[in-house]
Amino acid sequence: MCESKIVAGVGTSHVPTIGRVIDDRKTGESTWLPLFTRYEHARELLALQSPEVAIVVYNDHGSSFSLDAFPTFAVGVAETFEPADEGWGPRPVPAMAGDPELAWHIVEALISEEFDPTVCQRLPVDHGLTVPLSILWGTPESWPVRVIPIAVNVIQFPTPTPRRCFGLGRAIRRAVDSYAGDGRIVVVGTGGMSHQLQGGRAGLINKQFDESFLDAIVKDPDRLVEMSTDDYVRLAGTEGAELIMWLVMRGAMAPDVRALYSSYYGPVSNTAVGIVVMAEE
Ligand code: DHB
Ligand code: FE
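Residues numbered from 1 in each chain as written. Chains lettered and ligands numbered in written order. Predicted model: local features only at pLDDT ≥ 70, side-chain atom pairs only at ≥ 80, totals over all residues. Heavy atoms only, no water.

Peer 1: Before we move on, can you summarise the site of ligand 1 with the specific residues and values?
Peer 2: Near ligand 1 you find His-14, Val-15, Pro-16, His-61, His-127, His-195, Leu-197, Glu-242, Ser-269, Asn-270 and Thr-271, and these make up its full shell. Between ligand 1 and His-61 there is a distance of 2.7 Å, counted from an oxygen atom to a side-chain nitrogen or oxygen. Here an oxygen atom of ligand 1 and a side-chain polar atom of Ser-269 are 2.6 Å apart. Look at ligand 1: alone it shows 290 Å² of surface, and the protein chains cover 91% of it. Of the residues in the shell around ligand 1, the class split is 3 nonpolar, 7 polar and 1 charged. (Near = heavy atom within 4 Å. Polar contact = N/O pair within 3.5 Å; in protein donor to acceptor, adjacent residues only side chain to side chain. Areas by Shrake-Rupley, 256 points an atom, 1.4 Å probe, with all protein chains shown as cover. Nonpolar A, V, L, I, M, F, W, Y, C, P; charged D, E, K, R; others polar.)

Rendered as structure tokens:
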């Protein structure tokens, strides 16, 4: 019998500098080793779940979309996705194979549930997606997973509410459960942790909030869903509000999960690095 199954959920920050360190093969340098040792643990534990497909919930940072038109939610249904040029050339990572059949199934299921995402036949993907792939799978010749990008607007207000993001995750879960095809799926939520890149509070990092978020995303997501967008901006900074994308991932998981790995490290660049790998009980 064919069966598709969500075998793991991952939440991770997507700091561009980390992509650069990986591309320059500097992960073994003493300043970076403590971070990449942590990633190595996360990677090994995820590999044990042998995922074949990654649904990656990320945000485009003005690479494929612009303020002229910014979709609240978008799903990539292409055969392949190229790394985007973010101003200094695309990252030297392989193109990502898509999974058009599952992606279209998700689109149809979401639209039948009145979620109405933008459907992207071409979607160059920026560091919001490629850095998490490099964190989780290193520097392979070709990626070991097929990729379905799901983009969330956290750039131009009004952004979707935390509750809507969690609801999107629940709808993605129902779509996977109703899919007739095969596949071991990891859902990845990217962004955060607390950071603000501009304005009066530039440089903000709220360790206490980040650590409580890492704990609650596993054990008590309802607490995070009940917070408002303003709460996220106040506690985690304007860009820290990217954390709502972890709620899409969490919504796609069962209510009870266990953390296989959780780590908080930093600061790195303008934020702190959080990573959590979870599986269902
Ligand atoms: C940084 C973090 C981000 O999430 C991002 O999109 C850009 C920059 C940073 O920490 O520098
Ligand atoms: Fe970002």
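After that view, the rundown keeps rolling.
Peer 1: Explain the sheet that holds strand β8 (residues 183–190) residue by residue, including any values.
Peer 2: Strands sit in the order β6-β3-β7-β2-β8-β1-β10-β9 across an open sheet of 8 strands; the sheet is mixed. A single partner strand is all that each edge strand has here, and the edge strands are β6 (118–120) and β9 (257–268). Geometrically, the sheet is characterised by an average inter-axis angle of 20° between neighbouring strands, direction not taken into account. Looking at chain direction, strand β2 (residues 53–58) and strand β7 (residues 146–152) are connected through 6 bridges and run parallel. Bridge pairing in β7 links Ala-54 to Val-147. (Pairing = 2+ DSSP bridges. Helix = DSSP H or I, 4+ residues; strand = E, 2+ residues; numbered from the N terminus. Axes fitted to C-alpha atoms, helices over the stretch in contact; angles between N-to-C directions.)

Peer 1: I'd like a rundown of the packing of helix α5 (residues 162–177) against helix α9 (residues 244–252), residues and numbers included.
Peer 2: The geometry of α5 relative to α9 is characterised by a closest axis approach of 6 Å and an angle of 35° between their N-to-C directions. Pair α5 / α9 crosses with right-handed handedness. Only Ile-244, Leu-247, Val-248, Arg-250, Gly-251 and Ala-252 of α9 make contact with α5, whose side of the interface consists of Pro-162, Cys-165, Phe-166, Leu-168, Gly-169, Arg-170, Ile-172 and Arg-173. (Left-handed = near helix turned anticlockwise from the far one by under 90°. Contact = heavy atoms within 4.5 Å.)

Peer 1: I'd like a description of unusual backbone geometry, backed by residues and values.
Peer 2: Each neighbour pair has its own omega, and for Gly-192 with Met-193 the value is -5°, a cis peptide bond. Secondary-structure assignment places Met-193 in the loop between β8 and α6 (207–219). Gly-266 connects to Pro-267 through a cis peptide bond whose omega is 5°. One non-glycine residue, Arg-25, lies in positive phi territory at about 55°. Structurally, the position occupied by Arg-25 is in the loop between α1 (16–23) and α2 (33–47). In this model, Asp-116 sits at a positive phi of 50°, which is unusual for a non-glycine residue.

Peer 1: I'd like a rundown of the packing of α2 against helix α4 (residues 127–137), residues and numbers included.
Peer 2: Between α2 and α4, whose axes approach to 7 Å, the crossing angle comes to 80°. It follows from the interaxial angle that α2 and α4 lie roughly perpendicular. From α2, Tyr-39, Arg-43 and Leu-46 reach across to α4, where they touch Ser-134, Ile-135, Leu-136 and Trp-137. When the residues that make up the contact of α2 with α4 are grouped by side-chain class, the tally is 5 nonpolar, 1 polar and 1 charged. (Parallel < 35°, antiparallel > 145°, perpendicular 65-115°, else oblique.)

Peer 1: Outline the pattern of salt bridges, supporting the account with residue identities and numerical values.
Peer 2: Taken as a whole and assessed by the stated rule, the structure comprises 11 salt bridges. Of the charged contacts in the structure, one is a salt bridge between Asp-24 and Arg-20, with a shortest N-O distance of 3.0 Å. Its salt-bridge partner being Arg-174, residue Glu-113 comes within 2.7 Å of it at the nearest N-O pair. One end of the pair, Glu-113, is in the loop between α3 (100–112) and β6; the other, Arg-174, is in helix α5, and 61 residues separate them in sequence. Assessed through its relative accessible area of 30%, Glu-113 is described here as partly exposed. The network of salt bridges with shared partners includes Arg-173, Asp-177 and Glu-280. (Salt bridge = Lys/Arg side-chain N within 4 Å of Asp/Glu carboxyl O. Buried < 20%, exposed > 50% of the residue type's maximum accessible area, 1.4 Å probe, protein only.)

Peer 1: Before we move on, could you go through the coordination of the iron ion (ligand 2) and cite the residues and values that matter?
Peer 2: At this site the iron ion (ligand 2) is bound by His-14 (NE2), His-61 (NE2) and Glu-242 (OE), with donor distances of 2.0 to 2.3 Å. Mapping the donors of the iron ion (ligand 2) onto the primary sequence gives the spacing H-x46-H-x180-E. Remark: Glu-242 occurs in the loop between α8 (229–236) and α9 and His-61 occurs in the loop between β2 and β3 (73–76); sequence separation between them is 181 residues. Relative accessible area serves as the criterion here: at 4%, Glu-242 is assigned to the buried category. (Donors = N, O, S within 2.8 Å, 3.2 Å for Na, K, Ca; no water.)

Peer 1: Give me the environment of Ala-109: which residues, what numbers.
Peer 2: As for its position among the elements, Ala-109 is in helix α3. Residue Ala-109 is classed as buried on the basis of its relative accessible area, which comes to 14%. Sequence separation of Ala-109 and Asp-215 is 106 residues, and the distance between their C-alpha atoms is 31 Å.

Peer 1: Can you tell me about the nonpolar core, naming the residues and giving the values?
Peer 2: Judged by nonpolar contacts, the single largest core of 56 residues is most densely connected at Ile-55, Ile-148, Phe-213, Ile-217 and Tyr-232. For Tyr-232, the residues in contact, after removing those within four places along its chain, are Pro-162, Phe-209, Phe-213, Leu-224, Met-227, Gly-237, Ala-241, Leu-243, Ile-244 and Leu-247. Ala-8, Ala-78, Cys-120 and Ile-275 belong to the second largest nonpolar core, which has 42 residues in total. (Core = buried A, V, L, I, M, F, W, Y, C linked by side-chain atoms within 4.5 Å.)

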